[in-house]
Amino acid sequence: MSKNKIKFICSSCGFDSPKWLGKCPSCEEWNSFTEELVEEKKGSSKKINSQVKVQKLNELTFQSEERIATNLDEFDRVLGGGLMPGSVVLIGGDPGIGKSTLVMQAASKINGDVLYVTGEESANQINIRAKRLKINTDSLSILTETDLDYILNAIKTEAPKVVIIDSIQTTYKPEFDNAPGTVTQIRECTYELMQAAKKSSYAVIVIGHVTKEGTIAGPKILEHIVDTVLQFEGERSHSYRILRAQKNRFGSTNEIGIFEMHDDGLREVTNPSEIFLSERDHQITGSVVTASIEGTRPVLLEVQALVTPSPYGMPQRVATGFDYRRLSILLAVLEKRAGLKLSSQNVFLNIAGGIRIDEPAVDLAICCAIASSFTDKFAKNDTVVIGEVGLGGEVRSVSNIEKRIQEAIKLGFKSIVVPVNNIKSIKPTNHIKVISASDIKTIIQQILS
């Protein structure tokens, strides 16, 4: 016998409560509880008589599994080399960002049968998209179904190499009375897909939507179930899309894949440095080039700053593509250690190209860009600036300095500013002038012409 009862489940973290709460005590989100019908089954009194097999770890034989390549280099880079058989990959992103386009282009290049399960579009709509993208559909099968039982039966019959679920919010198990898209349905459907994938060793790509209201209940509640969580992001005003790994059991979470959206689909950006600097204006103040490491790849970026007097008592601090709190720290260091009176100035910071940077190696470039705009002096346009800034105004060393220098040489820059402690690890070169930086005040005076 089973008994139905009502629970309130947090759509952000999965915390359940017998009554509605305004604020979740687990993740501290407001208005995140949804009412759901939960079926509770009484525990079985059957005893387990079978012996449990326990294995010694050192007695297990190593079996390497060959990854399933999507043949989209940027996609495979983020995955860690391709799809791992038996794994479940969750791709989240805003509506209309290009998630379905990305997985369809990847599916068309996989060497093997792919089953594309859609619950939002008809087979004819999928065919129209395939024609627009001009992709090869010989090994791509389409199933328009939302019932998980029928989906699992089709997978067992077709025996594909890769299964794509678009989207998990439309999939449901008929045993539950909850509507599709609720936390219970999403969690149970994903868990059953994961169990089936690991038994049959096929890879599953699950698409999870972020609603227009900004709620990310579906993808967030699944992060502990799936093997890999990918975030597909980008600004609507920019054509570039960035694929990031937030969790990856079979690879690094530091890699990013960069794509450019066109009428015929997504195109891989093989040289992101050249793309991000293509529209750079050399004749403006507040513009400095820096080198960031995304995973194993160096990327040259333009840092733009605009400093204006504030007519009000509280000046504005706006950062796009950079941490706002880190910007506040750098402004305090500039005022205290470099003598720039910025407390009454509006400061606007932008990482050009719509990319977001979190590593501290761009600190010095941000400080130089702010100083350039504040003093209205041009920064040297043929110089790349690298370095972490400490609270004492000192320039600290960064990692992968050789890769950053080689990227600057490749794009024709004449000089590069690096922390003084990195000088001893740099190989001598005649292709670029290396300038050592020990403190922020001295290097700002050298950079600004």
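As the structure is a prediction and not an experimental result, all values here were calculated from the model. (Residues numbered from 1 in each chain as written. Predicted model: local features only at pLDDT ≥ 70, side-chain atom pairs only at ≥ 80, totals over all residues. Heavy atoms only, no water.)

### What about helix α3 (residues 123-133)?
Each α-helix winds once per 3.6 residues, and so residues spaced three or four apart point in a common direction. Within α3, burial applies to I126, R129, A130 and L133. All buried residues of α3 lie within an arc of 100 degrees about the axis, which places them on one face of the element. Along α3, exposed side chains directed more than 90 degrees from the buried face belong to I128 and K131. Looking at the packing, one finds that the buried side of α3 touches α2 (99-109), β5 (114-118), β6 (140-144) and β12 (265-268). Phi for K134, located one or two positions after α3, is positive at around 55 degrees. (Buried < 20%, exposed > 50% of the residue type's maximum accessible area, 1.4 Å probe, protein only. Helix = DSSP H or I, 4+ residues; strand = E, 2+ residues; numbered from the N terminus. Arc of directions from axis to C-beta. Contact = heavy atoms within 4.5 Å.)

### Focus: helix α11 (residues 440-447)
Residues of α11 that are buried: I440, I443, I444 and I447. Within α11, the buried residues cover an arc of 105 degrees as seen down the axis, which keeps them to one side. The backbone nitrogen of K441 lies 3.3 Å from a side-chain oxygen of the residue at the head of α11, namely D439. (Polar contact = N/O pair within 3.5 Å; in protein donor to acceptor, adjacent residues only side chain to side chain.)

### Concerning the sheet that holds strand β7 (residues 162-166)
Pairing is mixed in the open sheet, where nine strands are placed in the order β6-β5-β7-β8-β4-β9-β10-β11-β12. Whereas interior strands pair on both sides, the edge strands pair on one side only; in this sheet they are β6 and β12. When the angles between neighbouring strand axes are averaged without regard to direction, this sheet yields 25 degrees. Examined bridge by bridge, strand β11 (residues 256-262) and β12 share four bridges and lie antiparallel to one another. Looking at β12, one finds that M261 is bridged to L266. (Pairing = 2+ DSSP bridges. Axes fitted to C-alpha atoms, helices over the stretch in contact; angles between N-to-C directions.)

### Details of unusual backbone geometry
A negative phi holds for most residues other than glycine; trans holds for most peptide bonds. Residue D166 is joined to S167 through a cis peptide bond whose omega torsion reads 0 degrees. Secondary-structure assignment places S167 in the loop between β7 and α5 (183-200). Positive phi, close to 50 degrees, is recorded for A159, a residue that is not glycine. Relative to the assigned elements, A159 resides in the loop between α4 (148-158) and β7. Despite not being glycine, D376 has its phi angle at roughly 60 degrees, a positive value.

### What to know about the state of the cysteines
A full pass over the atoms with the stated rule returns zero disulfides. No disulfide involves C368; its nearest neighbouring cysteine sulfur is the one of C367, lying 6.9 Å away. Residue class for C368 comes out buried when judged on its relative accessible area of 1%. (Disulfide = S-S within 2.5 Å.)

### What about the pattern of salt bridges?
Under the counting rule described, the total for this entry stands at 16 salt bridges. For D227, the salt bridge goes to K198, with nearest N and O atoms at 3.2 Å. In this pair, D227 sits in the loop between α6 (217-222) and β9 (228-233) while K198 sits in helix α5, placing the two residues 29 residues apart along the sequence. On the basis of relative accessibility, which here comes to 41%, the residue K198 falls in the partly exposed class. One connected set of salt bridges, linked through shared partners, spans E74, R77 and R297. (Salt bridge = Lys/Arg side-chain N within 4 Å of Asp/Glu carboxyl O.)

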